[in-house]
Amino acid sequence: MIEFKRPELEDKELIESYLHRQHSRSCEFTFANTYLWSRHYSVKFAIIEDMLVYKSEGEEPGFTFPLGDEKNIQRAMEAIDAWCKEQRLEYHYHLITKEQFEMMDRLYPGEYEIVYNRDAADYVYEREKLANLSGKKYHGKKNHVNKFQKLYPDWKYESITAENKEECFQMALQWRKNNGCEEDEEKNAEMCVTLNYLRLFEELGMRGGLLRAEGRVVAFSIGEALNEDTVVVHVEKAFADVPGAYPMINQQFVIHETEGFTYINREEDTGAEGLRRAKLSYHPVYMVEKGTARRQKK
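The model shown is predicted, which means the values in this text are computed figures rather than measured ones.

Caption draft 1: Region of interest: the side chain of His234. Within the fold, His234 resides in strand β11 (residues 230–238). Of note is the side chain of His234, whose polar atom sits 3.4 Å from the side chain of Tyr197. In terms of polar contacts, His234 uses its side chain to reach the side chain of Glu224, at 2.7 Å. Other than its neighbours up to four places away in sequence, His234 contacts Cys27, Thr30, Asn33, Tyr197, Met206, Ile222, Gly223, Glu224 and Glu267.

Caption draft 2: Layout of helix α1 (residues 12–19). Lys12, Ile15, Glu16, Tyr18 and Leu19 are the residues of α1 that are buried. Mapping the buried residues of α1 onto a view down its axis gives an arc of 155 degrees, with all of them on the same face. Elements in contact with the buried residues of α1: α2 (31–37), β1 (43–48), β2 (51–56) and β4 (67–68).

Caption draft 3: Molecular detail of the sheet that holds strand β8 (residues 156–159). The strand order β8-β9-β10-β11-β12-β7-β13 describes an open sheet built from seven strands, whose pairing is mixed. The open sheet has two edge strands, β8 and β13 (286–288), and neither has a second partner. Across the sheet, the mean angle from the axis of one strand to that of its neighbour is 30 degrees, orientation sign disregarded. With four bridges connecting them, β8 and strand β9 (residues 207–213) associate as antiparallel partners. For Ser159, the partnering residue across the bridge sits in β9 and is Gly209. Against the sheet, helix α7 (residues 165–178) touches β9, β10 (216–225) and β11, its axis set at about 105 degrees to β10.

So, how was this worked out
- Residues numbered from 1 in each chain as written.
- Predicted model: local features only at pLDDT ≥ 70, side-chain atom pairs only at ≥ 80, totals over all residues.
- Heavy atoms only, no water.
- Helix = DSSP H or I, 4+ residues; strand = E, 2+ residues; numbered from the N terminus.
- Polar contact = N/O pair within 3.5 Å; in protein donor to acceptor, adjacent residues only side chain to side chain.
- Contact = heavy atoms within 4.5 Å.
- Buried < 20%, exposed > 50% of the residue type's maximum accessible area, 1.4 Å probe, protein only.
- Arc of directions from axis to C-beta.
- Pairing = 2+ DSSP bridges.
- Axes fitted to C-alpha atoms, helices over the stretch in contact; angles between N-to-C directions.

Treat this as a map of the structure, not an account of what it does.
The structure is reproduced here in structure tokens:
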């Protein structure tokens, strides 16, 4: 019998022991991300045939690709199929990357079909380019950074610590108020997750930084190592009325918190037009495409 449970802080070591065996650049698969968002979306996990599998609740449950040693993938998928048949449930796999689908197709040739979702694709950038902003393509970004530095000659970057994270927390509360998040369920959920990233900063093993201008915190960013060559940025907040604050915190976080890494994953755009334009304007080196895979009925 498979038993799914909601991830708790005490499950961090167990879950990460499976996540660390992967070399995926998909932003979802960090403990912090799934732990915090499982409070908003009904997400549970189980260890099936020595593989980590997440399940999203619903009339038709969605499973993630089994994570762990490749030799156990097929056994885990067969166990999921048997469990769903017992429960008389239709099901699908979601957040499936191209590499994962290729593995599914090798194990079950032609049996699964996948539909990719552009809104869920992650933007991955070269660290060096985000740090230096050199060349014609980044001329506009460089100008915004220069403007910030000129307007706020006393600006300062600090890594987030136990001593200054409360100031980020207060800045986030003000940002939530300024942006009317209470009236928007999705925005409010995102801000709850943001506040919990700060509240559990040390426990979750986050890395982050803040910007000060005229002594007050005007922007902050939080991320973590996704694998040995990629850092994922989970949170980036800046006051809209502080010119250049967003490009500045983007660059400074990369410079100070991601040394030794090659790539930066800045997550998906969720289909928001303005966010898509902003993410494309930084010229991703590639996208991590993800889709929904279903077994075709015979």
